[in-house]
Amino acid sequence: LVGRDDLIDQVVAWLQTGTRLVSLVGLGGIGKTSVATAVAHRLAADGTRVWFVDLSAATDAGTAAHSVARATGIVVESDPVASVADWASNADGVVVLDNLEQIDDATGLVRTLLDRGGAVRFVATSRRPLHVREEQLLTVKPLAVRDADGAAGDATQLFRQRAELVRADLDEIGPEIVAQICDLTDGIPLGVELAALQL
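Note that the structure is predicted; figures quoted are calculated from it, not measured.

Student: What am I meant to see in the sheet that holds strand β2 (residues 50–54) here?
Tutor: Picture the strands of a sheet paired through backbone hydrogen bonds; they go either parallel or antiparallel. Spatially, five strands are ordered β2-β3-β4-β1-β5 in an open sheet, and the strand pairing comes out parallel. Two strands lie at the open edges of the sheet, namely β2 and β5 (135–139), each paired on one side alone. Each neighbouring strand pair of the sheet contributes to a mean axis angle of 15°, computed without reference to strand direction. Note: strand β1 (residues 21–25) against β5, five bridges, orientation parallel. Bridging across to β5, Val25 finds its partner in Thr139. Of the strands in this sheet, β1, β3 (94–98), β4 (121–126) and β5 touch helix α1 (residues 5–16), which is tilted by about 175° from β5.

Laid out in structure tokens, this is it:
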């Protein structure tokens, strides 16, 4: 993961000081899931219990609740949202809700989980904010192609890392060529990676 250390540090600091919900928002391919995964690994390494919930196949609160249940290992009763909310009221740790923008009434689902109290905290990745009271919002931005001094930025570093997987002669590609390619991706990490792998 390149160029996201400050963002990861901020999310971890908020969660460790009592923030109940951190939302990572931004364009598709901008790296929200990568940041959330890095946060999860950092917290787990420090002894925090973490559950990662992939919501890419969920469409509403019910199917999202089933995804949470699978990730956390709880038994769903007749009402999946109520079952997950009951679990959340006694859980202690961090739940990563990835791809939350897919869920109809995602705000209502998260509101229900937060209202049950407990020590559980949430990291949400989405293309838009949830607009709930407890939300701390962080916008995940594109990687810089050049830094303030005009030197190679994080996008070009990511490009070179990925390109080394497919090209042994990468040193023959000049830095300005790499910067021009990264400019075409607008510094969006997924675009940078896909461009590098085309070499």
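Student: Where do I start with the environment of Phe122 in this structure?
Tutor: By the element assignment, Phe122 lies in strand β4. In sequence terms Phe122 and Glu135 are 13 residues apart; their C-alpha atoms lie 9.5 Å from each other. Once residues lying within four places of it in the same chain are set aside, the contact partners of Phe122 are Leu15, Arg20, Leu21, Val22, Val95, Leu97, Leu113 and Leu114.

Student: Explanation requested: the layout of surface pockets in the structure shown.
Tutor: In this approach the atoms are scanned with a rolling probe the size of a water molecule, which exposes any empty space left behind. The calculated volume of the largest pocket comes to roughly 310 Å³. Together, 23 residues line the largest pocket, and Gly29, Ile30, Gly31, Lys32 and Ser34 are the ones closest to its centre. Of all the secondary-structure elements, those providing two or more residues to the lining of the largest pocket are α2 (32–45), α6 (154–163) and α8 (189–197). Examining the composition of the lining of the largest pocket, we find that four residues originate from one element, α2, more than from any other. For the lining of the largest pocket, the per-class residue count stands at nine nonpolar, seven polar and seven charged.

Cut-off values and rules
Residue positions are given per chain, counting from 1 as you read along its sequence in written order. Owing to the predicted nature of the model, reporting of local features is limited to residues with pLDDT of at least 70; listing and counting of side-chain atom pairs is limited to 80 or more, with chain, interface and lining totals taken over all residues. The side-chain values count all of the structure's non-hydrogen atoms but skip hydrogen atoms and water molecules. Pairing between two strands is assigned when DSSP locates at least 2 bridges connecting them. In DSSP terms, a helix is any run of H or I states spanning at least four residues, a strand is any run of E spanning at least two, and both are numbered starting from the N terminus. Fitted lines through C-alpha atoms serve as axes, helices being fitted only where they are in contact, and the angles separating the N-to-C directions of these axes extend from 0 to 180 degrees. Any pair of residues with heavy atoms lying within 4.5 Å of one another is described as a contacting pair. A cavity, in this analysis, means grid points on a 1 Å lattice covering only the protein atoms where a 1.4 Å probe fits yet has no way out; a pocket is instead an open set bounded by protein on both sides within 12 Å along at least five of seven lines, and a residue lines either one if it has an atom within 4 Å of a point. Grid points are joined across faces, edges and corners, and a volume is the space filled by probe spheres set on the points. Gly is placed with the polar residues, together with every amino acid not listed as nonpolar (Ala, Val, Leu, Ile, Met, Phe, Trp, Tyr, Cys and Pro) or charged (Asp, Glu, Lys and Arg).

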